[in-house]
Amino acid sequence: MVNTENSKSGTAGQTENRLSGLYVHVPFCRSKCLYCDFHSVVSPAAIPAWLDAVRIEGRLYKERFHIFDSLYIGGGTPTVLDERQLAALMEFLTEGFAFHSGSEITVEANPEGLSRQKLKTLRDLGVNRVSLGVQSFDDGELRYLGRRHSFKQALEAFDILRSLGFANVGLDLIYGFEIQSLSAWKKTIDRALELDPEHISCYQLTFEPGASLMKMKTAGCVRPIGKKLETAFFIWTSRYLERHGYLHYEISNFARSPELMCRHNRKYWSHVPYLGLGPSAHSFQAGRRWWNVRSIERYCRLLAGGNAPVEDAEVLSEEQLDIESLALGLRTKEGVSLHAWRSGSRPATPLEEARKSGLVRVDGERILPTRKGFLVADSLPLMFCG
Amino acid sequence: MKEKQVRNFSIIAHIDHGKSTLADRLIQHSGLVNERQFRDQILDNMEIERERGITIKSQTVELSYTSRSGEEFRFNLIDTPGHADFSYEVSRALASCEGVLLLVDASQGVQAQTIANLYAAMEHDLVIIPVINKIDLPSADIDRVKVQIEHELGLDADQAILCSAKEGVGIEDVFEAIAGRIPAPSGDAGKNLAALIFDAHYDVFRGTIVSCRVFDGKIRPGDIIRLMFNGSVHKVEEVGVFHLNRDPGEELPAGWVGYVIAGIKTVADIKIGDTITLDSNPVSSPLPGFKDVKPVVFSSLYPISSDEYPSLVDALEKYKLNDAALAYQKDSSAALGQGFRCGFLGLLHLEIVQERLEREFDQSIIMTVPSVQYRFTLLDGNTVTVENPQYYPDPVIIKSSAEPFIKAMIISPERYMGAVMKLCLDRRGSSPKIAYPTPDRVEITFDMPLAEVVFDFYDRLKTVTQGYGSFDYELLDYRESDLVKLDILVNGERVDALSLIVHRDRAREWGVQACERLKEEIPRHNFKIAIQGAIGGKIISRSTISPFRKDVTAKCYGGDITRKRKLLEKQKKGKKRMKMVGSVMIPQSAFVSVLKARDE
């Protein structure tokens, strides 16, 4: 375990972890994947207008966010932007905002249409981490998921990244769909392990309300695999990757070492400030959370008219911050501090019950979720609150 | 000017035969309210009464009427509660009348409760006016109903009035019949005061409003009255009659029905059925029929969350102001914390109290399994009375135990006799007697333990007779019985609120039932829950709620966090409405479910 003694913040206590994170949402994709409910459009026509709008939006927050130590360009598919557009975006961000030295700068990339040139451009722009949307190393599965790339393309993309000197590459994988057997999933994992990536995200397929998959489910074309199999896949994945030296540090995230945990994402889970630019992006600072309109058109129009593209905002009460800390903390390996209960009354009975049932461990002053606890992380916080 | 003539009457009917609708129509017809003020079922003014369609608290209203022959009348309509739990109140209300309208549905005809009501009215020697209601229904069969009235009720069917309260047809005939057939009240205003208390309400500003029927003498403001039950003395501040609202007057003379305000603090200070007389000039003996009604069903009441206890104390105090029948005292439970042990007239009364506390006083409460009052004779010769399973004596020192028995009277169409017999025998009924009050109807009488009827007997009876059975009971005596205490354990922790005293032969059945019920009611948790029924240290039944395996959502970034928190906040609110036993969340419904639904 990392830093259990010194951490007071709820997650590991590296000081740089308290610096803000910057997120840019690139709402463009070549095509929509079956399972995705993120906001994105297929036509690249609006990219220039979006880019202008992001620049205007960024300037709105210049005074309110002083220094960042992480940048995450996600989407959508950021690599839909051409090299010139990527450069324009990066230049604006690095010139417009201050970044701490050694910042983590991540770009999400899809294997299709990833040229060596584009990746080289990214590297030269300062990107030091790439999250590669591999999803599966099985072409049949990739087609099922509506992905446009083949597993060979993913391998090629990975090789290019390594040859360009990217020393921090993460692979995104999806599991738990009807046509996938456990042995097929193992094959995907094994292929990933052969590449020895620094980070692996394994997302269990979710039927998001807005995604096409949900419509297909409603229409009876696809079925969820059921809780029993979901459980088996989850436990197996966790055990297998830990056996291969990966740290299961969040429900869906594995890192080869503590330093390789995604710094940016961890800010979401520990109430560290972050600024999100782009349509549907969320921001958080000093107990206030706000989020942008989802539509690109409205986003651009609002900014062109000199308005913040904010859809809504909330100011969190102490109680709300507590409940979030609890819920978010129990999704991570660091768990939560026993001191986190502001009321002062320790939840002795539920803690005992959770411990007895193997859902958590208690280590010093921290409550740490076990693998079994991870599986019920949605209801686990409820045991300790109220 | 000529004095108005007085008529005092009630309406009695089987449920749903249109009692409230007729009352409304009479009120409307008498011009007491205009169309705009008119609200359907004015007399049933409590929300619950409206919903359940039953009258819980009786109401009285005075109506003016000028007969066809030009005579002026004041009619006092005394509404009566409609459930066996309140049969004493009904009897006092009827004692205040000279006549009743016996309402029969034109399509359903004579029903069990029609007969039971008729018996009650006859007991008070009241004039009975049969009224056939709902004649507008396509399914109305007036001739058949007339035959029933003639043969099953033994009344003169030619005297029956045809009406449709809903359509306002025949209302004038009803008024004429009240004026013409119900006798004027006898009584002598010159004699010593004797007035019967048949109801009481609480008013925040005035204290207790006593509803009474003056038999002899008169009551005037300034009089010093004496309540004969306890000899307490009060000065009358105001008298008057009810015109939906109180209408003060100079006096209440013999024969009148009205209200008295006399600085009486709470309704608990008076007794229904008591006699009011003048302190200076009392009558020698009270009016007949007084009973000090004692609670027969007991249950403890706890706030869902212990910090709501003060608010519950407050709510109960306020509630009690208006419900003299409710008795309560402090109680505490290891599982549920601080609460109250309450005594009720019956299970319906219990449910009403629970609902009203929740709705009108915004309390979230848990009620424990109802119990009757048991008697234990100990080896040292002492006798203890126990109505709370918590105080069940150590079994090794019990010499004998006894429980209250009732005489259960059921009237039902003959075709359900077998089902009714089986139900009663299953409930430890004995000494059945069968009578045929009418050709195709049976009256079945059983001696039964009270404990067997307090849970869901009436519901079951309605089920097995498809709604055609009526039920009434009176307490008999205590009889020896082999009683044990059944405990329920949730994850090894005894939930004292679920313990109950039960006959040994029924214990296993109860234990299994309780475990199954709880298994259905307690939601799955993320850990395993064991539910056990135990007598002493011996487990007699068990069930297990297996944990759910997985509920985690894969992603939790930007927008997911707010969504997740909102869901948690909602669940947390839901949890507040649950009772925690250890870390098992037990929904309120579980406590009630244990005593319901013994599916036979």
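Definitions and limits used
- Per chain, the residues get numbers from 1 upward, laid out in the order the sequence is written.
- Labels are handed out in written order, letters beginning with A for the chains and numbers beginning with 1 for the ligands.
- Residues qualify for local features only when their pLDDT is at least 70, as the model is predicted, and side-chain atom pairs are given and counted only at 80 or more; totals for whole chains, interfaces and linings, by contrast, use all residues.
- Starting at the N terminus, helices and strands are each numbered in turn, a helix being any DSSP run of H or I of at least four residues and a strand any DSSP run of E of at least two.
- Three exposure classes are used, based on other C-beta atoms lying within 10 Å of a residue's own C-beta, which is placed from the backbone: buried for 20 or more, exposed for 12 or fewer, and partly exposed in between.
- Contact between two residues is assigned when their C-beta atoms, built from the backbone, lie within 7 Å.
- A strand pair is defined by DSSP finding two or more bridges across the two strands.
- For helices, the fitted line uses only the C-alpha atoms of the stretch in contact; every axis is such a line through C-alpha atoms, and the angle between N-to-C directions lies from 0 to 180 degrees.
- Note on definitions: a nonpolar core is a set of buried residues drawn from Ala, Val, Leu, Ile, Met, Phe, Trp, Tyr and Cys, linked by C-beta atoms within 7 Å.
- pLDDT measures the predictor's confidence residue by residue and takes values from 0 up to 100.

(A) How the structure looks around the overall build of chain B. Within chain B, the secondary structure is distributed over 14 helices and 33 strands. When the 600 residues of chain B are sorted by exposure, 49% land in the buried category. Taking the contacts inside chain B whose residues are at least 6 apart along the sequence as the reference set, 69% of them involve residues at least 24 apart.

(B) Representation of the pairing of strand E7 (residues 194-203) of chain B within the structure. All names here are of chain B. Counting buried positions over the 10 residues of E7 gives 8, a clear majority of the element. Here E7 runs beside strand E8 (residues 207-216); their pairing, made up of 9 bridges, is antiparallel. Within E8, the residue paired with Asp 199 across the bridge is Ser 211. Connecting E7 to the next strand, E8, in antiparallel fashion are 3 residues.

(C) Up close: unusual backbone geometry. All names here are of chain A. Positive phi values are uncommon outside glycine, yet Gln 135 reaches one of about 70 degrees. Mapped onto the elements, Gln 135 comes out in strand E4 (residues 129-135). Gln 135 sits in the buried class, given 25 other C-beta atoms within 10 Å.

(D) Geometry of the sheet that holds E8(B). Residue and element names in this part refer to chain B. One open sheet holds the 8 strands; their spatial order is E11-E10-E16-E7-E8-E15-E12-E13, and the pairing between them is antiparallel. Sheet topology places strand E11 (233-235) and strand E13 (245-249) at the edges, where each strand pairs with a single neighbour. In this sheet, neighbouring strand axes are inclined to one another by 40 degrees on average, regardless of whether the strands run parallel or antiparallel. Sheet topology note: the E7/strand E16 (residues 275-278) ladder contains 2 bridges and is antiparallel. When the bridges of E16 are listed, Leu 196 appears paired with Thr 275.

(E) Representation of the sheet that holds strand E2 (residues 60-66) of chain B. All names here are of chain B. Judged by pairing direction, the sheet is mixed, and its 6 strands sit side by side in the order E2-E3-E1-E4-E5-E6 without closing on themselves. Every interior strand has two partners, whereas the edge strands, E2 and strand E6 (161-162), have only one. Pairing of strand E4 (residues 99-105) with strand E5 (residues 127-133) involves 7 bridges; the strand directions are parallel. Note on E5: the bridge partner recorded for Asp 105 is Asn 133. Strands in contact with helix H1 (residues 19-29) are strand E1 (5-13), E2, strand E3 (72-78), E4 and E5; relative to E1, the strand with the most contacts, it is inclined by about 155 degrees.

(F) Seen up close, the nonpolar core. Residues and elements named next belong to chain B. Core analysis: the biggest nonpolar cluster contains 173 residues, and Val 100, Leu 102 and Val 131 have the highest contact counts within it. Tallying contributions element by element places E7 first for this core, with 7 residues. If sequence neighbours within four positions are ignored, Leu 102 has contacts with Ile 12, Thr 114, Asn 117, Leu 118, Ala 121, Ile 128, Ile 129, Pro 130 and Val 131.

(G) Main features of the confidence of the model for chain A. Taken over all residues, the pLDDT of chain A has a mean of 90, while the share at 70 or more is 93%. Segment residues 1-16 of chain A is flagged for pLDDT under 50; beyond a separation of four residues in sequence, or across chains, it makes 30 contacts in the model.

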